Amino acid sequence: MLQEQFLQRSPALPLIELRQASRSSACYQAHTHDEFSFGVIDRGHAAYRNRQRLERIGVGSLVTVNPGEVHSCNPAAGQWSYRMLFVDASWLGTLQREAFGGSADYCCFPDVCAAGASAGFDGLFASLQRSDGALEAESRLIDLLQPLFACQQESASTLHQSGLLRARELIMDRLGCNLQLDELAEAAQLNRYQLIRGFKRLYGQAPHAFQLDERIKQARARLRADAVSLNDLALDLGFADQAHFQRHFKLRAALTPGQYRAFHQAA
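What you see is a predicted model; the values in this text were computed from it and never measured. (Residues numbered from 1 in each chain as written. Predicted model: local features only at pLDDT ≥ 70, side-chain atom pairs only at ≥ 80, totals over all residues. Heavy atoms only, no water.)

*Asks:* Please give an account of the overall build of the protein chain that cites residues and values.
*Replies:* Counting secondary structure elements, the protein chain contains ten helices and nine strands. A principal-axis box enclosing the C-alpha atoms of the protein chain has dimensions of 65 × 50 × 25 Å. A buried classification covers 46% of the 267 residues belonging to the protein chain. Of the accessible surface of the protein chain, which amounts to about 12,900 Å², a share of 49% is contributed by carbon and sulfur atoms. (Helix = DSSP H or I, 4+ residues; strand = E, 2+ residues; numbered from the N terminus. Buried < 20%, exposed > 50% of the residue type's maximum accessible area, 1.4 Å probe, protein only. Areas by Shrake-Rupley, 256 points an atom, 1.4 Å probe, with all protein chains shown as cover.)

Below is the structure:
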């Protein structure tokens, strides 16, 4: 089987580099990165060494490597498949200061490997590959980081409900726009970390998921009321294309937009 590998800068968040390897037998000598690195094994097992600790890790393990940590990760036997994210340390340091204060460039995370902690990685990786996924990608990245942040000392937080309401209203007023997380944070007068945590507590979803739900609700109403083309409706609601719209619609309605429209026309 041919080995496949790609390395690219995320079109959604250029501060992140993505690497994916399929059926690889490549080995890496001990080395370091300037960035924070997060990796998930999709197939096989690997011998992971970070400083003096050696672990055997498998499918679903999330590995976190801090900047400057000497590490290596190689297939334990045969081939393996994996995905990596390399996140700019300055960006992550800014996020840590927003969450906890302080003046350090960045703080290292205490845990470097967690079995079964990769939930959410697939969605994050996919959104990072889309040029229109900045809000979703940044929200998912912060979600992925929250368990790691929980290991660090966190100051008391409040829901900041009035600010969160302003962020919600901005989403509703500009439902067809691909808003940036910074725009929502500015409207709420909160930092990005406070916004994500507070929004999920108050509305039960991260901002990007809330936006998607509202877009689909709007789509349902439009499909019941008029004969707009599916492609025009997708673009009006801020989806990249009709396929993107159809995928998210079916996940929430168990029908394609065309099936949904036909059902209501026949009723």
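There is more to say, and it comes next.
*Asks:* Give me the lowdown on the nonpolar core, citing residues and values where you can.
*Replies:* In terms of nonpolar packing, the biggest core is built from 44 residues, with Phe38, Leu92, Leu145 and Leu195 touching the most fellow members. Ranked by residues supplied to this core, first place goes to helix α3 (residues 134–149) with eight residues. Beyond its immediate sequence surroundings of up to four residues, Phe38 is in contact with Leu62, Val63, Thr64, Arg83, Met84, Leu85, Val87, Leu92, Phe109, Phe121, Leu145 and Leu148. In this structure, Ile216, Phe239, Phe249 and Ala253 belong to the second largest nonpolar core, which totals 14 residues. (Core = buried A, V, L, I, M, F, W, Y, C linked by side-chain atoms within 4.5 Å. Contact = heavy atoms within 4.5 Å.)

*Asks:* Help me get a handle on the pairing of strand β8 (residues 80–87), residues and values and all.
*Replies:* Across the eight residues that make up β8, a large majority, eight, are buried. Burial of β8 is two-sided: the residues Trp80, Tyr82, Met84 and Phe86 facing one way and the residues Ser81, Arg83, Leu85 and Val87 facing the other way are all buried. Direction of pairing for strand β2 (residues 16–24) relative to β8: antiparallel, over a ladder of seven bridges. When the sheet's bridge partners are listed, Leu18 is paired in β8 with Leu85. (Pairing = 2+ DSSP bridges.)

*Asks:* Quick one: what's the story with the pattern of salt bridges, residue by residue and with numbers?
*Replies:* A complete count under the given rule lists 15 salt bridges for this structure. The salt bridge partner of Arg53 is Glu55, with a shortest N-O separation of 3.0 Å. Look at Arg53 and you get partly exposed, because its relative accessible area is 42%. With a closest N to O distance of 2.7 Å, Arg252 and Asp213 form a salt bridge. With Arg252 in helix α9 (residues 242–253) and Asp213 in helix α7 (residues 207–225), this residue pair connects regions lying 39 residues apart in the sequence. Asp213 gets classed as partly exposed once you look at its relative accessible area, which sits at 23%. Salt bridges sharing partners connect three or more residues here, namely Arg130, Asp132, Glu136 and Arg140. (Salt bridge = Lys/Arg side-chain N within 4 Å of Asp/Glu carboxyl O.)

*Asks:* How would you sum up the sheet that holds strand β7 (residues 71–75)? Please name residues and give values.
*Replies:* Reading across the sheet, the three strands line up as β5-β4-β7 and stay open at both edges, with antiparallel pairing between neighbours. On the outer flanks of this sheet lie β5 (53–57) and β7, each paired with one strand and no other. This sheet shows a mean twist of 15° between the axes of neighbouring strands, independent of strand direction. (Axes fitted to C-alpha atoms, helices over the stretch in contact; angles between N-to-C directions.)

*Asks:* Talk me through α3; I want residue IDs and the actual numbers.
*Replies:* In this model α3 runs 21 Å from its N-terminal to its C-terminal C-alpha over 16 residues, within 8% of the 22 Å that 1.5 Å per residue would give. In terms of burial, α3 is a largely internal element, 13 of the 16 residues being buried. (Expected span 1.5 Å × (residues − 1).)

*Asks:* For the side chain of Ser10, give the residues involved together with the corresponding values.
*Replies:* In this fold, Ser10 is placed in the loop between β1 (4–9) and β2. Owing to a relative accessible area of 1%, Ser10 belongs among the buried residues under this scheme. One polar contact links the side chain of Ser10 to the main-chain amide nitrogen of Leu13, over a distance of 3.0 Å. Beyond its immediate sequence surroundings of up to four residues, Ser10 is in contact with Ile16, Leu18 and Leu128. (Polar contact = N/O pair within 3.5 Å; in protein donor to acceptor, adjacent residues only side chain to side chain.)

*Asks:* Outline the pairing of strand β6 (residues 62–65), supporting the account with residue identities and numerical values.
*Replies:* Neither face of β6 is open: one carries Leu62 and Thr64, the other Val63 and Val65, and all of them are buried. By the bridge criterion, four bridges tie strand β3 (residues 36–43) to β6 in an arrangement that is antiparallel. Paired with Val40 across the two strands is Leu62, which belongs to β6.

*Asks:* Break down α7 for me, citing the residues and quoting the values.
*Replies:* Between its first and last C-alpha, α7 extends 27 Å over 19 residues, near the 27 Å set by a 1.5 Å rise per residue. The complete set of buried residues in α7 reads Pro207, His208, Ala209, Phe210, Gln211, Leu212, Glu214, Arg215, Ile216, Ala219 and Leu223.

*Asks:* Break down the packing of aromatic side chains for me, citing the residues and quoting the values.
*Replies:* Under the defined criterion, the tally for this structure stands at twelve aromatic pairs. Relative to Tyr106, the ring of Phe36 has its centre 5.4 Å away and its plane inclined at 80°; by these criteria the two rings are edge-to-face. Of the two residues, Phe36 sits in strand β3 while Tyr106 sits in the loop between α1 (89–100) and β9 (113–114), which places them 70 residues apart along the sequence. Residue Phe36 is classed as buried on the basis of its relative accessible area of 0%. Looking at Arg83, its charged tip hangs above the ring of Phe125, at a distance of 5.3 Å from the centre. Between the NZ or CZ atom of Arg215 and the centre of the ring of Phe239, over which it lies, the distance is 5.5 Å. (Phe/Tyr/Trp six-rings, centres within 6.5 Å; stacked < 30°, edge-to-face > 60°. Lys NZ or Arg CZ within 6 Å of the ring centre and 35° of its normal.)

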